[in-house]
Protein chains: 2
Amino acid sequence: MPDFIRRLPAGDERERRVCGTCGFIDYENPRVVVGTVVVDDGCVLLCRREIEPRRGYWTLPAGFLELGETIEDGARREAWEEARARISLDGVLALYSISRIGQVQVMFRGRFDGPAAFAAGPESQDVALYRWDDIPWDSLAFPSVRWALHAWRAVGDGPLGAPAGNPVEDPRGAHPLAPAGTETAQ
Amino acid sequence: MPDFIRRLPAGDERERRVCGTCGFIDYENPRVVVGTVVVDDGCVLLCRREIEPRRGYWTLPAGFLELGETIEDGARREAWEEARARISLDGVLALYSISRIGQVQVMFRGRFDGPAAFAAGPESQDVALYRWDDIPWDSLAFPSVRWALHAWRAVGDGPLGAPAGNPVEDPRGAHPLAPAGTETAQ
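Please read these numbers as outputs of a predicted model, since none were measured by experiment.

1. Quick word on the overall build of chain A
Line of reasoning, step 1. Counting secondary structure elements, chain A contains two helices and ten strands.
Line of reasoning, step 2. Overall, chain A shows an N-to-C arrangement of helices and strands of β-β-β-β-β-β-β-α-β-β-β-α.
Line of reasoning, step 3. Projected onto its principal axes, the C-alpha coordinates of chain A cover approximately 55 × 35 × 30 Å.
Line of reasoning, step 4. Among the 186 residues that make up chain A, the fraction classed as buried is 49%.
Line of reasoning, step 5. Of all intrachain contacts in chain A linking residues separated by at least 6 positions in sequence, the fraction that spans at least 24 positions is 62%.
Line of reasoning, step 6. Working note: accessible area of chain A is about 8,600 Å², and carbon and sulfur atoms make up 48% of it.
Line of reasoning, step 7. Looking at charge distribution, chain A has the averaged site of its 21 positive side-chain charges lying 2 Å from that of its 28 negative ones.

As structure tokens, then:
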């Protein structure tokens, strides 16, 4: 099993995780999450998570970008894996830094290729299209799901402008859950 | 020393690098590069690289996002490290996938805090402000430097729209250098 210690490699400016057995330096880099607000006739596609963290809560089809993929490739792959949806992307809706957990999230706006068709993939319990007023705000999996939904609400079907960023109340992505009473205020 | 082999970990769908000594799984994720087109009075700040790859060639102040940073933090840090410039960011100018080398690049438009002030940091041979017509197009370090400069040219000082993406001739970021004759065509 790996036996990591933290130390400053020669020539580096930050402590890194170094394997005491191998000497391997495990550079811990931020990871890229790619996801999509898939819109159909004013409704949005949400997935109820079958996996932890936040099993049972609703999220956008999104996940970690894999090596060799473009951000667009990754977003389309996740829509297929989690929601069995074949989609096209309109452009970048939002870009979030979740520094607390070392993530950069790229959120697209997208739509179904052809008529709306979807089903729960292996990591989802359920997949559904929600009208804005019916979105299960109290059962969203992550703050950035709420942020992205509000970014979509602001732009609608119109031209995409500069991507939305973190909300002013959480510029670093430091809060795991929104402060009480702000669930739909953003 | 680490002794990595490639194999499929249990429950995974992709081969990963696994240390034959430790069993450590080295998930190779795409990395995030953050950089800035720093604009001053119609000129742009470029840095001549002191380090490989592409030592001696010109680039934008940019580098790998570190864990715990927001993308804005990282872009400002790189401007300081490479160009000794204190800057503010206007917003996201471009978002590139360089799948060949597993990078996602976030390029901002920015400006100096106060009057233009800069100097070569330890990773730069030289730092200079260039007018558009004087940019050393034949000595740029990376295709995405050229892409970002053209994205800036398209938007100027005006409002930032949806971020530019990869050029149509290289949607996956597959070309290490631009095809001959297209150096300034994008």
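Still to come is the rest of the account.
2. A look at the sheet that holds strand β2 (residues 16–19) of chain B
All names here are of chain B.
Line of reasoning, step 1. Strand order in this open sheet of three strands is β1-β2-β3, and the pairing throughout is antiparallel. Strand pairing shows two members of the sheet lacking a second neighbour, β1 (4–7) and β3 (25–26), which therefore form its edges.
Line of reasoning, step 2. In this sheet, β3 lies alongside β2 in antiparallel orientation, the contact comprising two bridges. From the neighbouring strand, Arg17 faces β3, where its bridge partner is Asp26.

3. Quick look at the pairing of strand β9 (residues 103–112) of chain A
Residue and element names in this part refer to chain A.
Line of reasoning, step 1. Where burial is concerned, most of β9 is hidden: nine out of the ten residues are buried.
Line of reasoning, step 2. Relative to β9, strand β4 (residues 31–40) is paired through eight bridges, and the arrangement is parallel. If you follow Arg31 over to β9, its bridge partner there is Gln103.
Line of reasoning, step 3. Direction of pairing for strand β8 (residues 87–98) relative to β9: antiparallel, over a ladder of ten bridges. Residue pairing for β9: Ser97 is matched across the bridge by Val104.
Line of reasoning, step 4. Here β8 hands over to β9 after four residues, with Gly102 in that stretch at a positive phi of 65 degrees.

4. Details of the pattern of salt bridges
Line of reasoning, step 1. One pass over the structure, following the stated rule, counts 16 salt bridges over all chains.
Line of reasoning, step 2. Ionic pairing is found between Asp73 of chain A and Arg172 of chain B, a salt bridge with its closest N-O pair at 2.5 Å. Placement of Asp73 of chain A in helix α1 (residues 71–83) and of Arg172 of chain B in the segment after α2 (143–155) is noted, with the two residues assigned to different chains.
Line of reasoning, step 3. Residue Arg172 of chain B is classed as partly exposed on the basis of its relative accessible area, which comes to 35%.
Line of reasoning, step 4. In this structure, Arg77 of chain B and Glu81 of chain B form a salt bridge, with 3.3 Å as the shortest nitrogen-oxygen distance. A residue pair is termed a helical-turn pair when its members lie 3 or 4 positions apart in one helix, as Arg77 of chain B and Glu81 of chain B do in helix α1 (residues 71–83) at four residues.
Line of reasoning, step 5. Within this structure, Glu69, Arg77, Glu78 and Glu81 of chain A form a network of salt bridges that share partners.

5. Observations concerning the relation of the copies chain B and chain A
Line of reasoning, step 1. With an RMSD of 0.0 Å, chain B superimposes on chain A once it is rotated by 180 degrees and translated 0.0 Å along the axis. In the structure described here, the two chain copies are related by an operation that fits a two-fold rotation axis.

6. So, the environment of Val44 of chain B
All names here are of chain B.
Line of reasoning, step 1. As for its position among the elements, Val44 is in strand β5 (residues 43–49).
Line of reasoning, step 2. The sequence separation of Val44 and Leu60 amounts to 16 residues, and the corresponding C-alpha distance is 8.8 Å.
Line of reasoning, step 3. Among all residues touching Val44, those that are not within four sequence positions of it are Val37, Val38, Leu60, Ala128, Leu129, Tyr130, Ile135, Leu149 and Trp152.

7. Remarks on the confidence of the model for chain A
All names here are of chain A.
Line of reasoning, step 1. The pLDDT averaged across chain A works out to 90; a share of 92% of its residues lies at or above 70.
Line of reasoning, step 2. Here residues 179–186 is a poorly scored stretch, pLDDT under 50, and it has 13 contacts once near neighbours within four places are set aside; other chains count.
Line of reasoning, step 3. Predicted complex, confidence summary: ipTM 0.86, pTM 0.87.

8. A few points about the state of the cysteines
Line of reasoning, step 1. Taken as a whole and judged by the stated rule, the model has zero disulfides over all chains.
Line of reasoning, step 2. Unpaired in terms of disulfides, Cys47 of chain B finds its nearest cysteine sulfur in Cys43 of chain B, a separation of 15 Å.

9. Observations concerning the side chain of Ser97 of chain B
Line of reasoning, step 1. Looking at the element boundaries, Ser97 of chain B is found in strand β8 (residues 87–98).
Line of reasoning, step 2. Residue class for Ser97 of chain B comes out buried when judged on its relative accessible area of 1%.
Line of reasoning, step 3. A polar contact of 2.9 Å, which involves the side chain of Ser97 of chain B, links it to the backbone nitrogen of Ile71 of chain A.
Line of reasoning, step 4. Apart from residues no more than four positions distant in its own chain, Ser97 of chain B is found in contact with Thr70, Ile71 and Glu72 of chain A together with Gln103, Asn166, Arg172 and Gly173 of chain B.

10. Regarding the environment of Ser139 of chain B
Line of reasoning, step 1. Along the polypeptide, Ser139 of chain B turns up in the loop between β10 (124–130) and α2.
Line of reasoning, step 2. Between the alpha carbons of Ser139 of chain B and Gln125 of chain B there is a distance of 14 Å; along the sequence they are 14 residues apart.

11. A few points about the packing of aromatic side chains
Line of reasoning, step 1. In total, this model carries ten aromatic pairs over all chains according to the counting rule given.
Line of reasoning, step 2. Between Tyr96 of chain A and Trp147 of chain A, the aromatic rings sit 5.1 Å apart at their centres with planes inclined by 70 degrees, giving edge-to-face as the arrangement. Note that Tyr96 of chain A is positioned in strand β8 and Trp147 of chain A in helix α2 (residues 143–155), a separation of 51 residues in sequence. Residues Tyr96 of chain A and Trp147 of chain A agree in their burial class; the two are buried.
Line of reasoning, step 3. Lying over the aromatic face of Tyr57 of chain A, Arg54 of chain A brings its terminal NZ or CZ to 3.8 Å of the ring centre.
Line of reasoning, step 4. The residue whose ring lies beneath Arg31 of chain B is Phe64 of chain B, and the NZ or CZ to ring-centre distance is 3.8 Å.

So, how was this worked out
Residues numbered from 1 in each chain as written. Chains lettered and ligands numbered in written order. Predicted model: local features only at pLDDT ≥ 70, side-chain atom pairs only at ≥ 80, totals over all residues. Heavy atoms only, no water. Helix = DSSP H or I, 4+ residues; strand = E, 2+ residues; numbered from the N terminus. Buried < 20%, exposed > 50% of the residue type's maximum accessible area, 1.4 Å probe, protein only. Contact = heavy atoms within 4.5 Å. Areas by Shrake-Rupley, 256 points an atom, 1.4 Å probe, with all protein chains shown as cover. Lys, Arg positive; Asp, Glu negative; His and termini not counted. Charge placed at Lys NZ, Arg CZ, Asp CG, Glu CD. Pairing = 2+ DSSP bridges. Salt bridge = Lys/Arg side-chain N within 4 Å of Asp/Glu carboxyl O. Least-squares fit on C-alpha atoms with pLDDT ≥ 70 in both. pLDDT = per-residue confidence, 0-100. Disulfide = S-S within 2.5 Å. Polar contact = N/O pair within 3.5 Å; in protein donor to acceptor, adjacent residues only side chain to side chain. Phe/Tyr/Trp six-rings, centres within 6.5 Å; stacked < 30°, edge-to-face > 60°. Lys NZ or Arg CZ within 6 Å of the ring centre and 35° of its normal.

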